[in-house]
Amino acid sequence: TLSNTPTWIDGLIGGGLNFASASSEKAETSAAGLLTALQGLDTFTIAFWARAAAYQTNPAGFAIRNGEDFGSMFLVLPYDTDGSPRTRIFYAGTSIIPAGAAAPLNEWNHFAFMSRSSTDHELFLNNVSIGTSSTPKSLPATISDVSFAGLDSGNFLSADIDVSFLGNRALTIDELTALYEWRG
């Protein structure tokens, strides 16, 4: 479901969507099959292309959550300014990869997060590892929705987003590289 009418744009690979944070635009699904497949997982992969013109405070580029409880939420924050420009992962109440590299502005960037187990997490920017964590974390046992570009409570990402991937296992490095290099 697209909320508040994000704009279709020419993306990196075909068409993409422009999300403007001022009007609370986001894409969200509560599809039962997807949510059931993700519940309680500790192995999964999230990847997407994004382009932003400015760094933002707590921009939820991608969220897996059970309601509005930050203690049971997974967030990819791609153009974050919480402290300094960076990409970070917020997972069940804490920043588990708090100091990843800053993504370049005004160009397409590939963000990928892989959780290989409950204690093996890695964040990639443009196919380069920018942070790891061994903090024990798994997705919530109950998930209410998965969203791109924002939460109901705020934390909206003002950016363009193109080709997204969500998998119920950790990709291999070769698979991640193939996903990064694919251009349709």
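Scroll up to find the structure.
Here the residue numbers are simple positions, counted from 1 along each chain's written sequence. Given that the model is predicted, a residue must reach a pLDDT of at least 70 before its local features are reported, and side-chain atom pairs must reach 80 or more before they are shown or counted; all residues, however, enter totals for whole chains, interfaces and linings. Where side-chain values are given, they derive from all heavy atoms of the structure, hydrogens and water being excluded.

1. A few points about the nonpolar core
To form a nonpolar core, buried Ala, Val, Leu, Ile, Met, Phe, Trp, Tyr and Cys residues must be joined to one another through side-chain atoms within 4.5 Å. Accessible area is worked out with a 1.4 Å probe on protein chains only. A residue is then buried under 20% of its type maximum, exposed over 50%, and partly exposed in between. Core analysis: the biggest nonpolar cluster contains 33 residues, and Phe62, Ile64, Phe74, Ile89 and Leu139 have the highest contact counts within it. Sorting elements by how many residues they give to this core places strand S5 (residues 44-51) first, with four residues. With sequence-adjacent residues up to four places away left out, leucine 139 is seen in contact with Leu38, Gly40, Leu41, Phe44, Ile64, Phe74 and Tyr91. Helix numbering and strand numbering both begin at the N terminus, where a helix is a DSSP run of H or I of at least 4 residues and a strand a DSSP run of E of at least 2. Note on definitions: a residue-residue contact is assigned when non-hydrogen atoms from the two residues lie within 4.5 Å.

2. What to know about the sheet that holds strand S10 (residues 109-117)
Taken together, seven strands build an open sheet; the order of strands is S2-S3-S14-S5-S10-S11-S12 and the sheet is antiparallel. Strands at the two margins of the open sheet, each flanked by one partner only, are strand S2 (7-10) and strand S12 (128-133). The mean angle between the axes of side-by-side strands here comes to 30°, regardless of whether they run parallel or antiparallel. We call two strands paired when DSSP finds no fewer than two bridges between them. When S5 meets strand S14 (residues 159-167), the two strands line up antiparallel, connected through seven bridges. By the bridge assignment for S14, threonine 45 is matched with glycine 167. Angular values range over 0 to 180 degrees, each being the angle between N-to-C directions of two axes fitted as lines to C-alpha atoms, with helices fitted over their stretch in contact.

3. Some words on unusual backbone geometry
Even without being a glycine, asparagine 58 presents a positive backbone phi close to 50°. Along the chain, asparagine 58 falls in the loop between S5 and strand S6 (62-65). The class of asparagine 58 is partly exposed, set by a relative accessible area of 23%.

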